[in-house]
Amino acid sequence: MEKVLGFGGFFFRAEDPGALAGWYRDHLGVDPVPGDETGSPWMTEAGATVFAPFAFDTDYFAPDKSFMLNFRVRDLDAMIEQLERAGIDIYNRQEMEGIGRFAHLRDPEGNPIELWEPA
């Protein structure tokens, strides 16, 4: 069976795409899509990628959103400190034995984000 090679992108609607792309660049280090062939897309480090459909009535993330972004981080405490210094609210910090540590936040348009420091 032929398989996909990895996650190639995530495309979603935004009220202000340019501003939201800038927020992800400035606060999480996610480079926006290049405007032409001379630019470079965001290059991720190899690691686990979890693909997990949730039940429609899950309470793990905002009930008015159909998705939650999950980003792997090297140092969750440092990332939280950086985001809080920028005035970004971090909530729902938790640890799952053998899996890692997590923290949740929302982007400026209310999209849920989970930060994950793998075990």
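Here's what I pulled together on the structure shown here.

Strand order in the open sheet formed by 4 strands is S1-S4-S3-S2, with mixed pairing between adjacent strands. A single partner strand is all that each edge strand has here, and the edge strands are strand S1 (69-72) and strand S2 (91-96). Direction aside, neighbouring strands of the sheet carry axes that sit 20° apart on average. Two elements, S2 and strand S3 (residues 100-106), share 4 bridges in a ladder whose sense is antiparallel. Across the sheet, Tyr91 pairs through a bridge with His104, a residue of S3. Against the sheet, helix H1 (residues 17-28) makes contact with S1, S3 and strand S4 (112-118), and its axis sits at roughly 25° relative to S4, the strand it touches most.

Counting through the fold element by element, Leu76 comes out in helix H2 (residues 76-85). Residues Leu76 and Phe102, spaced 26 residues apart in sequence, show a C-alpha to C-alpha distance of 7.7 Å. Apart from residues lying up to four places away in sequence, Leu76 is in contact with Arg101, Phe102, Ala103, Leu115 and Glu117.

In this structure the tally under the stated criterion is 9 aromatic pairs. Centre to centre, the rings of Trp42 and Phe71 are 5.9 Å apart; their planes meet at 70°, and the pair counts as edge-to-face. Of this pair, Trp42 sits in the loop between H1 and S1 while Phe71 sits in strand S1, placing them 29 residues apart in sequence. The partly exposed category is assigned to Trp42, whose relative accessible area is 37%. With 5.6 Å between their ring centres and 75° between their planes, Phe54 and Phe61 make a pair best called edge-to-face. For Phe54, a relative accessible area of 43% corresponds to the partly exposed category. Within the aromatic cluster, the residues linked to one another by ring pairs are Trp23, Tyr24, Trp42 and Phe71.

Thresholds applied
Residues numbered from 1 in each chain as written. Predicted model: local features only at pLDDT ≥ 70, side-chain atom pairs only at ≥ 80, totals over all residues. Heavy atoms only, no water. Pairing = 2+ DSSP bridges. Helix = DSSP H or I, 4+ residues; strand = E, 2+ residues; numbered from the N terminus. Axes fitted to C-alpha atoms, helices over the stretch in contact; angles between N-to-C directions. Contact = heavy atoms within 4.5 Å. Phe/Tyr/Trp six-rings, centres within 6.5 Å; stacked < 30°, edge-to-face > 60°. Buried < 20%, exposed > 50% of the residue type's maximum accessible area, 1.4 Å probe, protein only.

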